[in-house]
Amino acid sequence: MSWSFDDNLPIYIQIIQILKSNLACGKYQPGEKLPTVRELALLAGVNPNTMQKALSELERDGLVKSQRTSGRFVTDDKEKIMEISKTLAYDEIARMVERISSLGYPKEEIPKLLEKYLSDSSQKFPGK
């Protein structure tokens, strides 16, 4: 797991983003027990209070649930995880559209560029 942080955004928000991404890509499966706060804090190189704050936010969002004596677990709600995955994908698309638009391409041209890219890259990189 790669934990690199940007000084321009609070660390706990970045931790939330990293953990959401890990949930979306299947690093943590629905119902799976998460490492402890201390273990995650050690992995990330952050204060346990910062990790606790991030996990509390994920719990508030319904992505993580606490069981008093057993620790924290990923939600069993696969639809909620798919929703997070879709939201993250849309966020990436929005950033891509913004960057391409800043290069002078009208938004109407972007789908054509994407189609061309996908068809070209599938010829160059079979199996992708």
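Residues numbered from 1 in each chain as written. Predicted model: local features only at pLDDT ≥ 70, side-chain atom pairs only at ≥ 80, totals over all residues. Heavy atoms only, no water.

Which parts of the structure should I look at to understand the nonpolar core?
One recurring pattern in soluble globular proteins is that nonpolar side chains are buried together. Core analysis: the largest hydrophobic core is formed by 22 residues, its most contacted members being Trp3, Ile15, Leu19, Tyr28, Met51, Leu55 and Leu58. Here the element with the most residues in this core is helix α1 (residues 11-24); it accounts for 5 residues. Setting aside chain neighbours within four positions, we find Leu55 in contact with Leu19, Leu34, Val37, Leu40 and Arg72. (Core = buried A, V, L, I, M, F, W, Y, C linked by side-chain atoms within 4.5 Å. Buried < 20%, exposed > 50% of the residue type's maximum accessible area, 1.4 Å probe, protein only. Helix = DSSP H or I, 4+ residues; strand = E, 2+ residues; numbered from the N terminus. Contact = heavy atoms within 4.5 Å.)

Would you mind showing me how to read the pattern of salt bridges here?
Proximity of charged atoms lets side chains of opposite charge pair with each other. Overall, the coordinates contain 7 salt bridges when judged by the stated rule. Its salt-bridge partner being Asp61, residue Lys20 comes within 3.8 Å of it at the nearest N-O pair. Placement of the pair is Lys20 in helix α1 and Asp61 in the loop between α3 (48-60) and β1 (64-67), with a sequence separation of 41 residues. A relative accessible area of 35% means that Asp61 is categorised as partly exposed. Here Arg60 ties to Glu57 by a salt bridge, and the two come within 2.6 Å at their closest N and O atoms. Taken together, the residues Arg60 and Glu57, both in helix α3 and 3 residues apart, mark about one turn of the helix. For Glu57, a relative accessible area of 26% gives the class partly exposed. (Salt bridge = Lys/Arg side-chain N within 4 Å of Asp/Glu carboxyl O.)

Looking at this model, I keep getting lost on the side chain of Arg72. Mind explaining?
Mapping Arg72 onto the fold places it in strand β2 (residues 71-74). A distance of 3.2 Å separates polar atoms of two side chains, one belonging to Arg72 and the other to Glu59. Look past the residues within four positions of Arg72 in its chain and what remains in contact with it is Glu32, Lys33, Leu34, Val37, Gln52, Leu55, Ser56, Glu59, Val64, Lys65 and Ser66. (Polar contact = N/O pair within 3.5 Å; in protein donor to acceptor, adjacent residues only side chain to side chain.)

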